[in-house]
Every structure is written in structure tokens, then in C-alpha cells.
Amino acid sequence: MSSTSISSLAVATLGTPRIGPRRELKLALESFWSGASDEKALIEAGIGLRTANWARQKKLGVSVIPSNDFSFYDQVLDTSVMVGAIPAIYGRTSGPMPLATYFAMARGSQGDVQGNPHDAPRGHAHLGQSVPAQEMTKWFDTNYHYMVPELAKDQQFRLVSRKPIEEYEEAKALGYQTRPVLVGPVTFLKLAKSKDAGFEPLSLLDRLLPVYVEVLRELASSGAEWVQIDEPCLVLDLDEAAQNALRRAYAEIAKAVPQIKIMLASYFGSLGENQDTAFALRVAGLHLDLVRAPEQLDDLARLPADRVVSLGVLDGRNVWRADLSRILDRLEPVVAKLGKDRVQIGPSCSLLHVPIDLALESKLDAEVKSWLAFSVQKIEELAALGTALASGRKSITKALKASDAAAAARKTSPRIHDAEVASRIAAIDEAMRRRASRFEERAEVQHARFNLPAFPTTTIGSFPQTHEIRKARAAHGKGDLSDTAYKTFLQNQTARTVRWQESIGLDVLVHGEFERNDMVQYFGEQLLGFVFTENAWVQSYGSRYVRPPVLFGDVSRPKPMTVEWWQYAQSLTTKPMKAMLTGPVTILNWSFVRDDIPRSQACRQIALAIRDEVIDLEGAGAGMIQIDEAALREGLPLRRSEWTTYLDWAVECFRICSSGVRDETQIHTHMCYSEFNDIIDAIGTMDADVISIETSRSKMELLDAFRNYRYPNEIGPGVYDIHSPRVPEVTEMTELLKLARQRLSDDQLWVNPDCGLKTRKWDEVRPALVNMVAAARELRAAG
Ligand code: GLN
Ligand code: ZN
């Protein structure tokens, strides 16, 4: 696509996926951790992946190639290690840090170092005792998880890992002049936490900066001209202290290392009220996310004239092919105004968050495939744009034609646009968003219908996904196990689980979800409007990658999805069998979502499909239907000012899918987190008859939010922490329930684990649930 005779605007990627097109990094890591291969093999795998990444970018026409975007686990962990923020439990080291210590921070250690015993470092505190991994949490609003830096009040920093410099030199030796990437000092401190109460990590900035200065100096003396520093915290609501920290950090860096040009990268949103601060920072260039915040293009005139601008014009968070003509329409005047030398183009953010190569999809529907672009294709698009912006559209005629055709096809394809769905959306009225009666009236008929004891016991849905189940599913997938044999197998699993639940005296049973591979995929595969990929993996954390469904078109449900399984399970027992569905917001938040309609609209479509399922379940006789919204909270926008809009449509969608039933049908929902203070209004407005939540690790304190709100509906605060293999004692659960009773009335309370049991072993689940039933009975007996 790029020819040397034609000039191009500077094209940057900001970072590329590190996992390898065939998940090479996962293989190398897991082989190392299991002891099957040694450190040398892992290091070589890393070199191989980086070399291939640089070569691929060069070949595709990238002029600003990043280095240090690779990581064996996580770039934030790499930064902690770089600056020597290594909590004492992992062992203080002088000299370079052993990989074993790095992986102990990432994954914990069982006393013996994971991986090859020959690689065990000597004299490190974590050896011979087990240490926990660092905490992990979501990177901004992505599904990528980083290791949370842990900093102490008396934290000292020093340069421990020279990884940025080493990888810069590695690339240089191969003939690539790269732009190394660093996580910025302010973002690093903003993401850090401290065990010291009331201590604000940001106050460590002055101690941290000298290490950054040292790294930048070393990079400069190795030959680096530009360094990309990522400060995505620029798109958050920042207080005065954080704004000051940014000003101080970049003034100090400019003073100490004037020979390095800094490309300061903001992404995942708009600079908003941080814009003045960002524009005034003493850096050589600024990267803006013009996908999430296209209006920022209009503000460029206010940027000081000596700044280079990096325009994030392709979606680094989604998989759609770009409309090149439309982008050129917007960019040409900007480039004309600013001058070609001042402009670089790139994706909105690092390409880490998209799959690697669409060419690896051999089974994907050809039409849908023609609308998609993964990392490789996005780089090709960037190269084409760069060429067109420097040498005119004529220089990319072929690429433009193809892009125009794809854009036109996508706009009109009947695969995407379903008139029936559109008219159903238009017909959503108030009545469809509201249960027929108020909760108090519904509760009365429901209590009469089910006649459950006080503190009714139930579970969240799934039971252990054993090796045997996975094996059967894989065999069925390969065609080695017939449909009938697989179905019989699943029925036997279900029947056994139903009988067992009955035998231990649970009040409300579930079928166990054995037929489901994943709580989103299972529904996506049965709905129109979704496709699934073979190789489109995206890093979630460490060696864990996910393959999100691609929501490409209008969603509808050709036929019932869960009714048969529910019927089968209910036929085995006279106890109430709770039906299980995944909610629209969760399906949406865990998919790549179409970008041609608002997310809210795509969500309403899914809500209508789930509503149909809910009504069919009721028609088949289901009296209790649970609609899981595990991911509702994580969909919250980064900026507070946008929360209300999101919560409004998210709650609306839940109400659409749950309101089509009669009063006597009990709607349950489940959410797997323990922070409700700031969204309790929304939770109340959802108006589920029963909500089960994660509470077991918070000593029921999170129920304060429900008490203060005077939440009237029923609640099952999790009393059994399923995230740990530990079996809770009866008294632990009665104690938790006592705490719950101090906050809520007895007739509101249900007794259940805090999430589904699919990741646990039967040997853990059996005694835990027996104890849980005993705890509820004790409470009943005590009155
Ligand atoms: N019903 C699902 C299960 O039990 C809920 C899982 C979840 O909330 N993450 O597995
Ligand atoms: Zn859960």
C-alpha cells in the first residue's frame, strides 16, 4: 500500500497487541509457568513477538513505530517494576529483578516460585512462603486489567528495570528508530493505591520524577528522539492537585531532558475541562482521541503553534472498518491549516484493545467480514490515510473505492437493518417499561404463590463446570459427540444437580447452566445480529484473553433460547425452578458493539429480545426469572457528568426486558460487585423483585446503601464468597446474616452465595451450600 515514491503523513500506532496472532505469548508464558520451558525460551518468545510486531508495522507503512509497548504481563506492572515500586513481601532486590519476582507480583506465588525451579532467584523474601498477587482492576473503561501499583507513605523510587531502554535498543539494533512508550507518572500515581490510611500516592510525584528523568536521559543517550508518554488520566475528572501534578511533571521533564520530545497521549475520551492544562503542558506533541471525542478537532486552533498533534482518528477500541472518505473530509482542512509537519495520525488509543488480524478468520461470514478491521487492517487504513493526506486522494484510489463500497454496503445491508426491529423499537411505550403493579402488590401475590419460608435459600445459577463438561462440549464442538448424546449428557448433569439441590433443602432451585459456554456467548449465538470469531483474541489480563462477540446488526430472537432447558429442569422437581438469563446491558458491555447506532439503541434491541424470552418463560410456567446484569456497573462512563445518561438507558433496558410479566412472576437480578452507593438510585429504579449481590467480603457494609435508600424490594446479599475455595462455616454465615438483619428487614432477605458456582469444584460447593442452608434454618428457628 505504501510506496516509497509517494510521501505520507506521519503514521503512528501508539502500541500494538502483544499476544501474537496465534496467541504465542500465552503459550510461551503458560509453558514457562508450568515448568515445561525455561526462562531463556520465554525471553526468546518475547524477542520473536517484538521483532514480528516491528517488522509488520514497518511493512504496513507505520512511520512512528512504538517500542516498550510489549509486556510479559502488564504495562502498569512493568512501570511499578521500572521505578522500583515493589512491595517488601516480594523481596527487595538490588540489581535487575528476576522474572520470578515479576510473576509473583502478577500472579502470586505458592512459596515455590512458579515456573522452572532452576530460575528460582536466591535471597528473595517470597521464596519459601506464599505471597498474594498484586490487586488487579480494569484499565479505565476497557476490559483490560492492570496490576494496581501499591505505594507506601515512605515509598522510595529507583530505577530497577531498564526495560524501556533495552527494548528501544533491541529495536534499534534491528534497524528501527522507535518511539518508546511509557505510562505517565501522573496516571501511574493516580492508579496506585496505598495501605497507609488517608495517604494520597499523588503526593509522591517529586520522588517519582527523578526516575522518569533518568529513563528519559538514558533513552536520549541511546538515540531516542521522541518518547510517547501515556496520560489517559487526562480524560478523567481531575481535581486541582492532579492538574498541578501534570503541570509540575512536564515542566520538570522539559527542564531536565530538553533533548527528548514528548508525545503526550490522552485517550478514551475528551480532555474536557482538562484541556487548558493539557494544551499548556510543555511537551512537543499531544495525542487526542477523536473517535470518542470528535469535537476536539475544532479546538486545535487553540493549541500552541509549536506542538505536533497526533490525531486519533481510527477506533482503537472497536473492530469496524473505517470510512476513509469521511475521515479525509474531516482531516484535509485540518492538515491544510496546521501543515503536514505538525500532524501525525493514529488510532484513538493503543491497538492493544483490538484483535490482531482479520485475515485469520476463515469461517466468518464474508459480508460481515468486509465491514471489519482488526489491528493489521487498521494499520493499513492509517497508512492509506497518511498517504492521501500527504499526496492527495488520487494516490489511494483503490483503497478509497473499497472503503466507500464497504461503507455503502453496511449502511443498507438487510443483514444489519431489520425493519421489524425498527418498528418494535419505535413502539416501545411507557407500559412496556413498567411492571403492571407496584412492588408491594406484586410481593403479596408472589408470597402467596410461592409460600417460601423466611430467609429463602437459592443460588446464582451456575454449578461447577467440570473437566468432564468441558470435555463433552469440546467433543460436541468437534463433531465427535452427536447432538443427541451431548444433550443426554447435559440432561444427566442437570438432573443430578437438581436432585442434589433438593436433597440439601434449597428452597429455590436452578438448572445449573451446564449447556452454556459463557453467559454472553450462549445468548449471542442464538440471537440474530451477532457473529463470533475464531482467532480474534484480546488480552483481558496476563495470559487470559477473551474473544468478545461482534454485535453487527439489528438484534432479534428467532426462537426461544432457554425455555426447553428450563422446562426439563422444572419437570424434575416440585420446588420453584428459577430461570436464568443474561441481561441486555451485560450482553452489550461484553461485546464489540456496532458503531452505526447509539449504544443505547443497540441495547434496547437486545432488551426486546430478552423480553420475548422472559414472556415465553412465563408462558411455559416459570414463576421466577433471573436476569443477570453482572456488567451494568462497569459500563459507567469515565466522567461523572455522563453517568446519568448511561444509567437512564441501562435501567430502561432492564425494565423493558423485565416488565412484560404478570404480578405473580418474580423477577430476580444479580450483580457481581459490592459498590452500590453511587448507583443505588438506578438499582432502585430497576425494580427487580429480588436482587442478589456480592457482599461476602465487605461485612455487609455495602447494605448501608440499600438501607439509606430505604430500598423496598427483596435482597440476597451473598453470604458465601465463591471467589475462594474456602468452605465457610455455618456461624460465619449466620454472623453475616445478623449484620444484614441490622440493615434490612427480615422479610426482605434471601440467602445465597455471592456469584455463580461455575469456577468452583463440587467438593467445595457441596459442604458450602449445606452450611448455607443450615445457616438459614438456624435463623428461622431462632425466629
Ligand atoms: N447466572 C450466572 C452464573 O451463575 C451469573 C454469573 C455472573 O454474574 N458473573 O454463573
Ligand atoms: Zn456474579
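Just so we're clear, the structure is a prediction, and the values are computed from it rather than from any experiment. (Residues numbered from 1 in each chain as written. Chains lettered and ligands numbered in written order. Predicted model: local features only at pLDDT ≥ 70, side-chain atom pairs only at ≥ 80, totals over all residues.)

**A short note on the UniProt feature "binding site: Zn(2+) 1" (unreviewed entry) in the protein chain**
UniProt records the feature "binding site: Zn(2+) 1" (unreviewed entry) at H670, C672, E694 and C755, using the numbering of this structure. Considering the C-alpha atoms alone, the annotated residues occupy 86 residues of sequence yet fold into one spot, their largest mutual distance being 8.7 Å. Residues in contact with C672, not counting those within four places in the same chain, are A630, E694 and C755. Among the structural elements, E694 can be located in the loop between strand 21 (690–693) and helix 24 (703–709). Excluding residues that lie within four positions of it along the chain, E694 makes contacts with C672, Y673, S674, G718, D754 and C755. (UniProt positions renumbered as here; feature names shortened; annotations may be inferred. Contact = placed C-beta atoms within 7 Å. Helix = DSSP H or I, 4+ residues; strand = E, 2+ residues; numbered from the N terminus.)

**Examining the sheet that holds strand 22 (residues 714–717)**
If you walk across this open sheet you meet the 5 strands as 17-19-20-21-22, and the pairing is parallel. The sheet terminates laterally at strand 17 (578–582) and strand 22, the two strands that pair on one side only. Recorded for the sheet is a direction-independent mean angle of 20° between the axes of neighbouring strands. By the bridge criterion, 5 bridges tie strand 17 to strand 19 (residues 624–628) in an arrangement that is parallel. Residue pairing in the sheet places M580 in a bridge with Q626 of strand 19. (Pairing = 2+ DSSP bridges. Axes fitted to C-alpha atoms, helices over the stretch in contact; angles between N-to-C directions.)

**Thoughts on the site of ligand 1**
Around ligand 1, a shell composed of 13 residues is seen, among which I460, G461, S462, A630 and G756 lie nearest. The residue inventory of the shell around ligand 1, partitioned by class, reads 6 nonpolar, 4 polar and 3 charged. (Near = placed C-beta within 6 Å. Nonpolar A, V, L, I, M, F, W, Y, C, P; charged D, E, K, R; others polar.)

**Observations concerning the UniProt feature "binding site: L-methionine" (unreviewed entry) in the protein chain**
In the UniProt entry, the feature "binding site: L-methionine" (unreviewed entry) is given for I460, G461, S462, E513 and D628. A maximum C-alpha distance of 12.9 Å places the annotated residues, which cover 169 residues in sequence, within one compact spot. Mapped onto the elements, I460 comes out in the loop between helix 15 (439–450) and helix 16 (467–478). Accessibility expressed as a C-beta count within 10 Å gives 27 for I460, which makes it buried. Within the secondary structure, E513 is located in the loop between helix 17 (483–504) and helix 18 (521–524). Excluding anything up to four places from it in sequence, E513 contacts G461, S462, M580 and K758. (Buried ≥ 20, exposed ≤ 12 C-beta atoms within 10 Å, placed from the backbone.)

**Thoughts on the packing of helix 1 (residues 24–33) against helix 2 (residues 39–60)**
Across the interface, helix 1 lies against helix 2 with an axial gap of 9 Å and an inter-helix angle of 170°. One element, helix 1, and the other, helix 2, form an angle in the roughly antiparallel class. From helix 1, E24, L25, A28, L29 and F32 reach across to helix 2, where they touch E39, A41, L42, A45 and L49. Of the residues belonging to the contact of helix 1 with helix 2, the class tally is 8 nonpolar, no polar and 2 charged. (Parallel < 35°, antiparallel > 145°, perpendicular 65-115°, else oblique.)

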